[in-house]
Structures are given as C-alpha cells and as structure tokens.
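Below are the chains, spelled out letter by letter.
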Amino acid sequence: GAVVSQHPSRVICKSGTSVKIECRSLDFQATTMFWYRQFPKQSLMLMATSNEGSKATYEQGVEKDKFLINHASLTLSTLTVTSAHPEDSSFYICSASLEGLSYEQYFGPGTRLTVT
Amino acid sequence: AQKVTQAQTEISVVEKEDVTLDCVYETRDTTYYLFWYKQPPSGELVFLIRRNSFDEQNEISGRYSWNFQKSTSSFNFTITASQVVDSAVYFCALSEDTGGFKTIFGAGTRLFVKA
C-alpha cells in the first residue's frame, strides 16, 4: 500500500512555457503533500508544503508565483512551473502523508523537467 | 534549527567490504524522526528506515544496520558485505514535530561498490 505516482515522469518544454506536474496518492488519502526539487548531484530541497483545501506554505526563497501549487483533493496535488526557464530544469519529487502522520511520507518517483 | 550533516560525500569500497555511512543531526525538538533513504540512478527514493527520538534501539535488517545515539546526535548506517547493487546515493533525513514534520535531507553520500 501507500503508493504515490507522479505524472509525467519526464517532460521537456521550451523556455517561457508553463508545465504542470501531478502528484497522486493512489491508495490512501493524503491530507498533506510536500514538493521537493533536486538539482544534479545535490540533495532534495523542500519547496513547499500543501494541505488539502488550503494554500501551500512555501519555503524561504521559493517564488510562489513561479511555482504554483494546488491541492484540490485528498489524492491530488499539482505543481505548475510558470514561464519556465533553463534554470528551472531539475528533478521534482513529491511526497504524501496521511492525516496526523506527517512524519510518515511516501515519495513519488519524481519528474525530470528539462527546459530548453 | 534543524540540520543534517553527512560529511562523507563519496565512498568507494570493494564488494564484500563493510561500509558505514555517517549522519549527524541537530534539532531542538524532543520529538523527531530520523530516516535513511536510498536513491539509485533511476532517481526514485527508496525508504530504508525510520526511527523516532524515543527509540534508541539499534536495528538490523539483513545486511543493513543502524546505530542511533542521541548522546552524539548521530544515526549511522552500516552495510555489511556490500554488493554492487548497493551502489547509490544514500540520504539521511530529519523530521521535527515543530513545523509540521517537514523533512530536511542531508547532502547525501554517494556509495560506489566495485566488483
């Protein structure tokens, strides 16, 4: 159990376009979802925490208007990279947790974004 | 503030050697969780273990073992009789009660196991 999927797994987009990444909890309801980004050969950096039905909480230095997060249901959160630029190219990973068990996170397989 | 330090950037061993990956953490909370994850070249994180701050008991799972010592704020990970398939990046992570248990990752240790 506790499977999290991400779609797409890989995406290439042109500079200036927007791209949406979906994160789904397949067999449980996730009240909280987290979004991370990982540059090559670096660690995972938390971008934001999203709770279903409320606005996401962004980490310091993460642009809210650039990385739009929507957590409209208990099984789906989306991250939209708006007006993407080559420096946004990265590996984006989401995780999901059950209500009251935020310490127990289930990670998605990640989405590799390349902006040309 | 919470912090996780993995001082070893890269480790290279020969198959069948034992290897220990170090992890030192900082936290002001009394309730927290520590994790180890494996990230193979595919990129997908593989959960290895979770330990809460009230459970200092060491754990063994097959060739893997973990040593949690609150006195030194360390949570080290040992692979016994390493195999080529163990080659990956290993992350230690910390999740605190304060701040909604968001997870902070260490920089990671890249392990190369040569045949």
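Owing to the predicted nature of the structure, the values given are computational and were not obtained by experimental measurement.

Another aspect to go through is the overall build of chain B. When helices and strands are counted, chain B shows zero helices and twelve strands. What you see in chain B, going N to C, is helices and strands ordered as β-β-β-β-β-β-β-β-β-β-β-β. Scored against the burial criterion, the 115 residues of chain B give a buried share of 45%. Contacts in chain B between residues at least 24 apart in sequence constitute 56% of all its contacts with a sequence separation of at least 6. For chain B, the computed accessible surface area is about 5600 Å², with 49% contributed by carbon and sulfur atoms.

A common measure of how large an interface is: the accessible area buried when the components associate. Counting from both sides, the interface comprises 18 residues of chain B and, opposite them, 18 residues of chain A. When chain B packs against chain A, the two sides together hide about 1500 Å² of surface, and 57% of this comes from carbon and sulfur. When residues of chain B are sorted by the area they lose upon contact with chain A, L45, K102 and F105 of chain B head the list and together hold 29% of the total. Inspection of the chain B/chain A interface yields two salt bridges. A salt bridge links K102 of chain B to E59 of chain A; the shortest N-O distance between them is 3.0 Å. At the boundary of chain B and chain A, one finds four residue pairs in polar contact (both at pLDDT 80 or more). Looking at the side of chain B that touches chain A, the elements with two or more residues in it are β5 (32-39), β10 (88-96) and β11 (103-105) of chain B. Here the element with the most residues in the side of chain B that touches chain A is β5 of chain B; it accounts for four residues. For the side of chain B that touches chain A, a count of residues per class yields eight nonpolar, six polar and four charged.

Turning our attention to the sheet that holds strand β7 (residues 67-73) of chain A. All names here are of chain A. Across the sheet, four strands lie side by side as β1-β3-β8-β7; this open sheet has antiparallel pairing. Looking at the sheet topology across the chains shown, the edges are occupied by β1 (4-7) and β7. Shown here is a sheet whose adjacent strand axes are inclined to one another by a mean of 15 degrees, direction ignored. With four bridges joining them, β1 and strand β3 (residues 19-25) adopt antiparallel strand pairing. Each bridged residue has a counterpart across the sheet, and for H7 the counterpart in β3 is E22.

For the rest of this paragraph, the subject is the side chain of S95 of chain A. Residues and elements named next belong to chain A. In this structure, S95 sits in strand β9 (residues 90-97). Engagement of the side chain of S95 in a polar contact is seen with the side chain of Q105, the distance being 2.6 Å. Excluding residues within four positions of it along the chain, S95 makes contact with T32, M33, F34, Y36, Q105, Y106 and F107.

Moving on to the side chain of D86 of chain B. Residues and elements named next belong to chain B. Mapped onto the elements, D86 comes out in the loop between β9 (74-79) and β10. On the basis of relative accessibility, which here comes to 1%, the residue D86 falls in the buried class. One polar contact links the side chain of D86 to the main-chain amide nitrogen of Q83, over a distance of 2.8 Å. The contacts of D86, once residues within four sequence positions are left out, are K38, R63, Y64, I79, L111 and V113.

We now examine the state of the cysteines. By definition, a disulfide links two cysteine residues through a covalent bond between their sulfur atoms. Residue and element names in this part refer to chain A. Summed over all chains, the structure comprises two disulfides over all chains. Covalently, C23 is tied to C94 through a disulfide, its sulfur atoms 2.0 Å apart. Its torsion about the S-S bond being 80 degrees, the disulfide of C23 and C94 is classed as right-handed. Placement of C23 in strand β3 and of C94 in strand β9 is noted, with a sequence separation of 71 residues between them.

Rules and cut-offs
Residues numbered from 1 in each chain as written. Chains lettered and ligands numbered in written order. Predicted model: local features only at pLDDT ≥ 70, side-chain atom pairs only at ≥ 80, totals over all residues. Heavy atoms only, no water. Helix = DSSP H or I, 4+ residues; strand = E, 2+ residues; numbered from the N terminus. Buried < 20%, exposed > 50% of the residue type's maximum accessible area, 1.4 Å probe, protein only. Contact = heavy atoms within 4.5 Å. Areas by Shrake-Rupley, 256 points an atom, 1.4 Å probe, with all protein chains shown as cover. Buried area = accessible area lost by both parts, 1.4 Å probe. Salt bridge = Lys/Arg side-chain N within 4 Å of Asp/Glu carboxyl O. Polar contact = N/O pair within 3.5 Å; in protein donor to acceptor, adjacent residues only side chain to side chain. Nonpolar A, V, L, I, M, F, W, Y, C, P; charged D, E, K, R; others polar. Pairing = 2+ DSSP bridges. Axes fitted to C-alpha atoms, helices over the stretch in contact; angles between N-to-C directions. Disulfide = S-S within 2.5 Å.

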